[in-house]
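# What the coordinates show
What follows is each chain in one-letter form.
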Amino acid sequence: MRGRRSVSGRKGWAAMSWAGPEDIFLSTSLASYLDKKLLVLLRDGRKLLGVLRSFDQFANVVLEGACERVIVGDLYCDIPLGLYVIRGENVVLIGELDLEREKLPAHMICVSVAEIRRAQKAERDATDLKGSMRKRMEFLDLD
């Protein structure tokens, strides 16, 4: 059996690489977003806005002028983050923002960071209460 030369130049089987031809398309598509304002949705549900300045083959991205957009009901707040590095495994979705249509609906109210944090806490507490009430009622078996 004849061996092939690996990437390192030594004789043997070619070393496996995580980067394949399909990864080139990922890089190319992100390249088209360079210097454009993006929305990045993360695995934990956060939404980040910023200008894409750099990326690599793992979809790690660098956003300049980044902010986190927090929305609770009809309230929202853009929390400034500055230059932000995002690990690629945490990225769910990346999309370009249409600067002409970036405005939120008229019913949305911009509030301070402190106010949005209070609203987030109230929303979390309500969700926790609903969950604990459901657990307390499980024994009834209403079916």
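Below or above, wherever it landed, is the structure these notes cover. The numbering scheme is per chain: residues are counted from 1 as the chain's sequence reads. Note on the predicted model: pLDDT of at least 70 is required for a residue's local features to be given, and 80 or more for side-chain atom pairs to be given and counted; whole-chain, interface and lining totals, by contrast, use all residues. The side-chain quantities take in all heavy atoms of the structure and omit both hydrogens and water.

### Comments concerning the layout of surface pockets
The volume enclosed by the largest pocket comes to roughly 180 Å³. Space inside and on the surface of the protein is sampled on a 1 Å grid over the protein atoms alone, with a cavity defined as a set of points where a 1.4 Å probe fits but cannot get out and a pocket as an open set with protein on both sides within 12 Å along at least 5 of 7 lines; lining residues have an atom within 4 Å of a point. Asp44, Gly45, Arg46, Lys47, Glu68, Arg69, Val70, Ile71, Val72, Gln120, Glu123 and Arg124 together form the lining of the largest pocket. The element that contributes the greatest number of residues to the lining of the largest pocket is strand β5 (residues 61–72), accounting for five residues. Polar here means any residue outside two lists: the nonpolar Ala, Val, Leu, Ile, Met, Phe, Trp, Tyr, Cys and Pro, and the charged Asp, Glu, Lys and Arg; Gly therefore counts as polar. Of the residues contributing to the lining of the largest pocket, the split by class is three nonpolar, two polar and seven charged. Grid points are joined across faces, edges and corners, and a volume is the space filled by probe spheres set on the points. A run of DSSP states H or I qualifies as a helix once it reaches four residues; a run of E qualifies as a strand once it reaches two. Both are numbered from the N-terminal end.

### What about the side chain of Gln120?
Mapped onto the elements of the fold, Gln120 is located in helix α2 (residues 113–137). For the purposes of these results, a polar contact is taken to be a pair of N or O atoms within 3.5 Å, where, inside protein, one atom must be able to donate a hydrogen and its partner to accept one; residues adjacent in sequence count only when each atom of the pair is a side-chain atom. One polar contact links Gln120 to Arg117, side chain to side chain, over a distance of 2.9 Å. Contact definition: two residues touch when any of their heavy atoms are within 4.5 Å. Beyond its immediate sequence surroundings of up to four residues, Gln120 is in contact with Val70 and Val72.

### Considering the pattern of salt bridges
We define a salt bridge as a contact between a side-chain nitrogen of Lys or Arg and a carboxyl oxygen of Asp or Glu at a distance within 4 Å. Evaluation of the coordinates by the stated rule reveals six salt bridges. Taking the shortest distance from any N to any O, the salt bridge between Asp35 and Arg53 comes out at 2.5 Å. Taken together, the residues Asp35 in the loop between α1 (21–31) and β3 (37–42) and Arg53 in strand β4 (residues 47–55) connect sequence positions 18 residues apart. In this structure Asp35 comes out as exposed when scored by relative accessible area, which is 54%. When its relative accessible area of 38% is taken as the criterion, Arg53 is described as partly exposed. Put simply, Glu64 and Arg53 hold a salt bridge, and the shortest N to O gap is 2.5 Å. Of this pair, Glu64 sits in strand β5 while Arg53 sits in strand β4, placing them 11 residues apart in sequence. Residue burial is assigned from relative accessible area. The probe radius is 1.4 Å, only protein chains are included, and a residue is buried under 20% of its type maximum, exposed over 50%, and partly exposed in between. On the accessibility criterion, Glu64 (35% relative accessible area) is partly exposed. Each of the salt bridges in this network shares a partner with another, and the network as a whole consists of Asp35, Arg53 and Glu64.

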